[in-house]
Amino acid sequence: MAKMMPHTHIIGTGSSIPKRILSNKDLEGIVDTTDEWIIQRTGIKERRISVKGERESTTDLTTQASVKAIEMASISPKSLDMIVVGTVTGDRMFPSTACMVQEALNAENAMAFDVSAGCTGFLYALSMADNAIQCGTCKNALVVGVDRLSSVVNWQDRGTCVLLADGAGAVVVTSATEQGGILSTHLKSDGKLWELLYSSDGNNHIPKILQGIDIKPFHLRMDGNRLFKRAVGYLSSIANEALEHNSLTIKDIGLLVPHQANIRIIKAVSKNLYIPMERVYTNIHRYGNTSSASIPIALDEANRENMLSKGDHVLFVSFGAGLTWGASIVRWSI
Ligand code: COA
């Protein structure tokens, strides 16, 4: 008899954000910008910035988000056999954030590694765990998206420092014979476009009101305008690819959870896909762009706000440095 392929179900979600709020008004004191420009051009009103010594390192944020997801999943950390973390801002070059978190969680039976795929890191990580579960090499996995982009921001570049922020989101996935869960994940990259968003040797200028943040020796460079146009096209096409692959239409999607990079990108994608904004989750006004963390934070909030019911289809779409982009459809199982 043919062996049934297991399905990957999300059974827990969690998130963690730093306490320190950086408002648009605060940014007016750092670069030549205005609250009005930032809200109109990006939709961001405030964002969270981690502070050294506040248990808000990449490892700390990841651990806090993971503990919440594990609690919701009602499993023991010892039953995790895989930890995958999507990040580009781990606390150390090595070991991986995943290994640091493995120690913090006492998840001694897991294999742990990081994935570097820019803001698409969470979807890449989710796909790794899904593949391992479908192959039967993994039963329970912890998948995290975390970044502290404040540590690589050029705080003198008004085109980027107003956008980026810190946070972590996590899900626990498990293998089950029941239909549903992750229906498919579609990932792409185009290395020819790496220069649209990359890290460069950087200055370490720290604005006065942000003394105490943890800065890395490089900073982010971005061609925002060109990236914007690519993002809208790629997000729309990969979302349609995922829908077609599963013989679904946009009417079947209960909630679109997009990467939170710019409200204008999100609105353009919602228009292209013909999904009303009422079925699109956004929290960019509160958190800005938290890179790999943006989808799992949004998912955790939607889940805890009871916006998802068992059987609902949830569509994730993301893009980021690489370029990388991707989409995934989940039939909600909690
Ligand atoms: N405050 C005030 N003015 C600003 C500003 C700021 N924070 N940032 C840029 N500007 C200015 C520019 O200098 C430019 O001025 P100029 O016309 O005198 O040269 C003007 O605003 C328009 O700049 P432009 O870059 O064309 O604006 P935009 O409408 O493309 O918006 C972004 C800029 C960055 C908000 C937008 O391009 C974007 O969101 N891109 C995608 C970024 C992204 O998603 N990155 C993450 C990928 S994961």
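On to the sheet that holds strand β6 (residues 140–148), then. One open sheet holds the five strands; their spatial order is β1-β7-β6-β4-β5, and the pairing between them is mixed. This sheet does not close on itself; its edge strands, each paired only once, are β1 (7–16) and β5 (111–115). Within the sheet, the average angular offset between the axes of one strand and its neighbour, ignoring direction, is 20 degrees. Examined bridge by bridge, strand β4 (residues 82–86) and β6 share five bridges and lie parallel to one another. Note that in β6 the partner of valine 85 across the bridge is valine 144. In the packing of helix α3 (residues 58–73) onto the sheet, contacts are made with β1, β4, β6 and β7 (166–176), and the angle to β1 comes to roughly 130 degrees. Relative to the sheet, helix α10 (residues 294–304) contacts β1, β6 and β7, its axis offset from that of β1 by approximately 95 degrees.

Now for the pattern of salt bridges. The final tally for this structure, using the stated rule, is 14 salt bridges. Two residues, glutamate 178 and lysine 310, come together in a salt bridge whose shortest N-O distance is 3.8 Å. Residue glutamate 178 is found in the loop between β7 and β8 (181–189), and its partner lysine 310 is found in the loop between α10 and β12 (313–320); the two are separated by 132 residues along the sequence. For glutamate 178, a relative accessible area of 45% corresponds to the partly exposed category. Looking at lysine 310, the relative accessible area reads 56%, which means it is exposed. For glutamate 241, the salt bridge identified is with lysine 188, shortest N-O distance 3.3 Å. Of this pair, glutamate 241 sits in helix α7 (residues 224–245) while lysine 188 is found in strand β8, placing the two residues 53 residues apart along the sequence. The class of glutamate 241 is partly exposed, set by a relative accessible area of 31%. Connected through salt bridges with shared partners, the residues Lys19, Glu54 and Glu56 form a single ionic network.

The omega torsion across phenylalanine 94 and proline 95 is 0 degrees, close enough to zero to call that bond cis. Here proline 95 shows up in the loop between β4 and α4 (97–105). Cis peptide bonds are those with omega within 30 degrees of zero, and the linkage from glycine 322 to leucine 323 qualifies with -10 degrees. By the element assignment, leucine 323 lies in the loop between β12 and β13 (324–331). Its identity is not glycine, yet asparagine 106 carries a phi of approximately 60 degrees, on the positive side. Structurally, asparagine 106 can be placed in the loop between α4 and β5. A relative accessible area of 48% means that asparagine 106 is categorised as partly exposed. Phi angles above zero are rare outside glycine, and serine 291 is one such case at about 60 degrees. By the element assignment, serine 291 lies in the loop between α9 (284–287) and α10.

Definitions and cut-offs
- Residues numbered from 1 in each chain as written.
- Predicted model: local features only at pLDDT ≥ 70, side-chain atom pairs only at ≥ 80, totals over all residues.
- Heavy atoms only, no water.
- Pairing = 2+ DSSP bridges.
- Helix = DSSP H or I, 4+ residues; strand = E, 2+ residues; numbered from the N terminus.
- Axes fitted to C-alpha atoms, helices over the stretch in contact; angles between N-to-C directions.
- Contact = heavy atoms within 4.5 Å.
- Salt bridge = Lys/Arg side-chain N within 4 Å of Asp/Glu carboxyl O.
- Buried < 20%, exposed > 50% of the residue type's maximum accessible area, 1.4 Å probe, protein only.

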